[in-house]
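What the coordinates show
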Amino acid sequence: MEKDASFLFGGISFNRKKFARDFDRFKGKNIVDSAEKLQLIEKEDKTFDDSLEKVEFVENEISEMEDETSTSVSKKRKRKEKGTVSDSVEGFSVFKSSKLKKEAASEETDQSVNELIQGKKEYYQQLERDAIFRKMHNIHVSGSNIPSPLHNFAELRSRYKCRSYLLRNLAKLGFKEPTPIQRQTIPVLLSGRECFACAPTGSGKTFAFVFPILMKLKHTSKDGVRAVILSPTRELAAQTTRECKKLARKKFYIRLMTKQLAKSGDFSKLRCDVLISTPLRLKFAIQKRKLDLSRVEFLVLDESDKLFEPGMLEQVDFVVKACTNPSIIRSLFSATLPDIVEDRARTIMHDAVRIIIGRKNSASETIEQKLVYVGSEEGKLLALRQSFAESLNPPVLVFVQNKERAKELYDELKLEDIRPDVIHSDLSQIQRENAIDNFRAGKTWVLIATDVVARGMDFKGVNCVINYDFPDAAAAYIHRIGRSGRAGRSGQAITFYTEADIPFLRNIANVITSSGGEVPEWIMSLTKKKWRKHRPQRETISTQPDI
Ligand SMILES: Nc1ncnc2c1ncn2[C@@H]1O[C@H](COP(=O)(O)OP(=O)(O)OP(=O)(O)O)[C@@H](O)[C@H]1O
């Protein structure tokens, strides 16, 4: 890499050409206030990566500069020393006093040079400490002037003056340490920066955006909606509302945009600090109920890649446009963040920081992943029954391709002794909520589901996810299996595949290997398929003979 180039991912480098002026100044000419200089340097040092080698390079630069400076200072001293000879001439007080002044100025110069070097040294030492810490926690960042990550929750008070009630509520949740995504995203959002955040499923992204919002809003206000969180499904929106309320307790008005509220709410009178909604309902409320979002200070796009898919993108766009506050802070969160989403989002974001935990678009490493060949559709039902008979370790989530298949599989299993239930988009809101609540409460053991619960849903302790139908994309796979192995717990994921799925196996195999799993050699030698959506026509799920 060229030494003079400024680069995003390459680490720290000190650009001698660019800082020629500073070098001159270091050599003793035209010294200005050291703080001012430090600011200049900080402003110009745009990029930093956590590469320690580069930090070493900077240290060398600093010691070179120190050498240069001390040579220049010692030259000056020599000159000064020469001057002292003439000082001893009596009766020339005019010269003497001007010499004294020069001496004092020169001492000041020495002091400011030292301060400058010290300041710069401390600045780079902090960068180095941040780099080591990020490396320890697998945090990768890019962008300019990125705030130091959080070492612990106590720093929220010492660095950001977090109010006690929030820390108390946090303590009540039993969280001892911030998760890696929280360590970096919270300081970034608190310092008013926009961000893209990509971290594995179940790694605490929700609190990573909820916490800084509540901190920055400070107190409730009558001025209308101040923060909007967009979620792709109603279930996830409801869950995020609940999580948000756990932290805010009674300090803020946290609202879920229900169908009822969107249709008949009087938004001019409604107290609401944080509003959580799906894009469609929010768009409806803006258009039909004149919901004003011009004061929104924070906009979060959770599961952002899903929100950017055709079908939702237009509604999301509408909401983004309705949030007209010029100082709004926007952030994107997901476990999968394709480049195309980042590129699109960059067009609306300002100087956003990019935060990736671990490897981008990879599954959680706490999930043991298995691929199981079942031959044909018939084979799936046999394999499922066999797996339940051998060891049913509830709660188990079973994903199928669409709602028709969810109904069919439920009909097959409903009389078996496995306490099954089903969730899909044809059910009423109440039925969907009941299905989730019963599964959470352990009343049902096996929940048959479409991708409606694949994203963001936090079912604690799901032991196993079974992909009865092969997922339609690698991202869908990552999110589905991410319903288990959350918050550091272990989990299991089994994916059935048939002949029809073999051309798409390699894509899933890549996800498995990149999260530390093993895959048979022959699968790795398959060619990688350019994968849009893999939704083959599948035979009906039934063991009943056709009449
Ligand atoms: N600092 C923390 N310490 C311990 N547990 C935490 C912490 N932060 C969040 N959690 C818990 O971790 C679980 C997963 O968090 P969350 O649902 O935010 O994950 P996520 O990263 O958004 O996952 P997904 O990508 O599936 O949406 C939750 O049960 C949450 O309460």
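Residues numbered from 1 in each chain as written. Predicted model: local features only at pLDDT ≥ 70, side-chain atom pairs only at ≥ 80, totals over all residues. Heavy atoms only, no water.

**With respect to the packing of aromatic side chains**
Enumeration according to the criterion identifies 6 aromatic pairs in this entry. For the pair Phe175 and Phe207, a centre-to-centre distance of 5.1 Å together with 80° between the ring planes defines the contact as edge-to-face. Here Phe175 is found in the loop between helix H6 (164–172) and helix H7 (180–190), whereas its partner Phe207 is found in helix H8 (residues 205–217), with 32 residues between them in sequence. Since its relative accessible area comes to 33%, Phe175 is described here as partly exposed. Note that Lys251 overlies the ring of Tyr165, its terminal NZ or CZ placed 5.1 Å from the centroid. The ring of Phe318 is capped by Lys283, whose NZ or CZ atom sits 5.3 Å from the centre of that ring. (Phe/Tyr/Trp six-rings, centres within 6.5 Å; stacked < 30°, edge-to-face > 60°. Helix = DSSP H or I, 4+ residues; strand = E, 2+ residues; numbered from the N terminus. Buried < 20%, exposed > 50% of the residue type's maximum accessible area, 1.4 Å probe, protein only. Lys NZ or Arg CZ within 6 Å of the ring centre and 35° of its normal.)

**So, the environment of Gly119**
You can see Gly119 is positioned in helix H4 (residues 93–136). For the pair Gly119 and Ala197, spaced 78 residues apart in the sequence, the C-alpha separation amounts to 31 Å.

**Some points on the layout of surface pockets**
One simple way to see leftover space: roll a probe sized like a water molecule over the atoms. Approximately 1,200 Å³ is the volume attributed to the second largest pocket. Around the second largest pocket sit 47 residues that line it, and Thr179, Gly202, Ser203, Gly204 and Ala487 are the ones nearest its centre. For the lining of the second largest pocket, the secondary structure elements donating two or more residues are H7, H8 and helix H9 (234–248). Here the lining of the second largest pocket gets 6 residues from one element, more than from any other, and that element is H9. (1 Å grid on protein atoms, 1.4 Å probe; cavity = no way out; pocket = protein on both sides within 12 Å on 5 of 7 lines; lining within 4 Å. Points joined across faces, edges and corners; volume = space filled by probe spheres on them.)

**A closer look at the packing of helix H11 (residues 279–288) against helix H13 (residues 313–322)**
Put simply, H11 and H13 touch, their axes get as near as 9 Å, and they point 50° apart. Our classification of the angle between H11 and H13 gives oblique. As for how H11 packs across H13, the hand of that crossing is left-handed. Contacts between H11 and H13 pair Pro279, Leu280, Leu282, Lys283, Ile286 and Gln287 from the former with Glu314, Gln315, Val316, Phe318, Val319 and Ala322 from the latter. Looking at side-chain class alone, the contact of H11 with H13 contains 8 nonpolar, 2 polar and 2 charged residues. (Axes fitted to C-alpha atoms, helices over the stretch in contact; angles between N-to-C directions. Parallel < 35°, antiparallel > 145°, perpendicular 65-115°, else oblique. Left-handed = near helix turned anticlockwise from the far one by under 90°. Contact = heavy atoms within 4.5 Å. Nonpolar A, V, L, I, M, F, W, Y, C, P; charged D, E, K, R; others polar.)

**Some thoughts on the site of the ligand**
The local shell around the ligand holds 20 residues, among which Gly202, Lys205, Thr206, Asp458 and Arg486 are the closest. Here a nitrogen atom of the ligand sits 2.9 Å away from a polar atom, N or O, in the main chain of Glu177. Contacts to the ligand include Gly202, whose backbone N or O atom sits 2.8 Å from an oxygen atom. Judged by its atoms lying within 2 Å of the grid points, the ligand is housed in the second largest pocket. Here the shell around the ligand is built from residues that sort into 5 nonpolar, 8 polar and 7 charged. (Near = heavy atom within 4 Å. Polar contact = N/O pair within 3.5 Å; in protein donor to acceptor, adjacent residues only side chain to side chain. Sits in = over half its atoms within 2 Å of the grid points.)

**Details of the pairing of strand E2 (residues 195–198)**
Here E2 shows two buried faces, one formed by Cys195 and Ala197 and the other by Phe196 and Cys198. The sheet contact formed by E2 and strand E8 (residues 353–357) spans 4 bridges and is parallel. For Ala197, the partnering residue across the bridge sits in E8 and is Ile355. (Pairing = 2+ DSSP bridges.)

**Some points on the sheet that holds strand E6 (residues 298–302)**
Taken together, 8 strands build an open sheet; the order of strands is E1-E8-E2-E7-E6-E3-E5-E4 and the sheet is mixed. Edge positions in the sheet fall to strand E1 (139–142) and strand E4 (254–256), since each has one partner strand and no second. Here the strands of the sheet are splayed against their neighbours by 15° on average, with no regard to which way each runs. Here E6 pairs with strand E7 (residues 329–334) via 5 bridges, running parallel. Paired with Val300 across the two strands is Ser331, which belongs to E7. Contacting strand E3 (227–230) and strand E5 (274–277), H11 runs over the sheet at an angle of about 120° to E5.

**Re helix H14 (residues 339–346)**
Taken residue by residue, H14 has Val341, Glu342 and Ala345 as its buried positions. Buried residues of H14, seen end-on, are gathered within an arc of 100° and therefore sit on one face of the element. For H14, exposure combined with an orientation more than 90 degrees from the buried face picks out Asp339, Ile340 and Asp343. The elements touched by buried residues of H14 are E2, helix H12 (304–307), E7 and E8. (Arc of directions from axis to C-beta.)

**Thoughts on the UniProt feature "domain: Helicase ATP-binding" (unreviewed entry) in the protein chain**
The UniProt entry lists residues 186–355 under the feature "domain: Helicase ATP-binding" (unreviewed entry), expressed in the numbering used here. Helix makes up 42% of residues 186–355 and strand 17%, and the two end C-alpha atoms of the span are 11 Å apart. (UniProt positions renumbered as here; feature names shortened; annotations may be inferred.)

**Quick look at the pattern of salt bridges**
Applying the stated criterion across every chain, the model contains 33 salt bridges. Between Asp351 and Arg193 there is a salt bridge, with its nearest N and O atoms 3.5 Å apart. Taken together, the residues span a long stretch of sequence, with Asp351 in the loop between H14 and E8 and Arg193 in the loop between H7 and E2 at a distance of 158 residues. You can call Arg193 buried: its relative accessible area is 12%. Asp469 is the salt-bridge partner of Lys380, the closest N and O atoms lying 2.7 Å from each other. You can see Lys380 sitting in helix H15 (residues 377–390) and its partner Asp469 sitting in the loop between strand E13 (464–467) and helix H18 (474–481), a full 89 residues away along the chain. Summarising the burial analysis for this pair, Lys380 and Asp469 share the class buried. (Salt bridge = Lys/Arg side-chain N within 4 Å of Asp/Glu carboxyl O.)

**Considering the confidence of the model for the protein chain**
Residue-level pLDDT values for the protein chain average 83, and 80% of them are 70 or greater. Under a pLDDT of 50 for its full length, residues 1–59 has, in the predicted model, 109 contacts with residues more than four places off or in other chains. With pLDDT under 50 throughout, residues 65–95 is counted as low confidence; its partners more than four residues away or in other chains account for 26 contacts. We note a pTM of 0.79 for the whole complex and an ipTM of 0.99 for its interfaces. (pLDDT = per-residue confidence, 0-100.)

**With respect to the environment of Leu282**
The topology assignment puts Leu282 in helix H11. Separated by 37 residues in sequence, Leu282 and Val319 place their C-alpha atoms 7.1 Å apart. Setting aside chain neighbours within four positions, we find Leu282 in contact with Val228, Leu230, Met257, Leu275, Ser277, Leu291, Leu293 and Val319.

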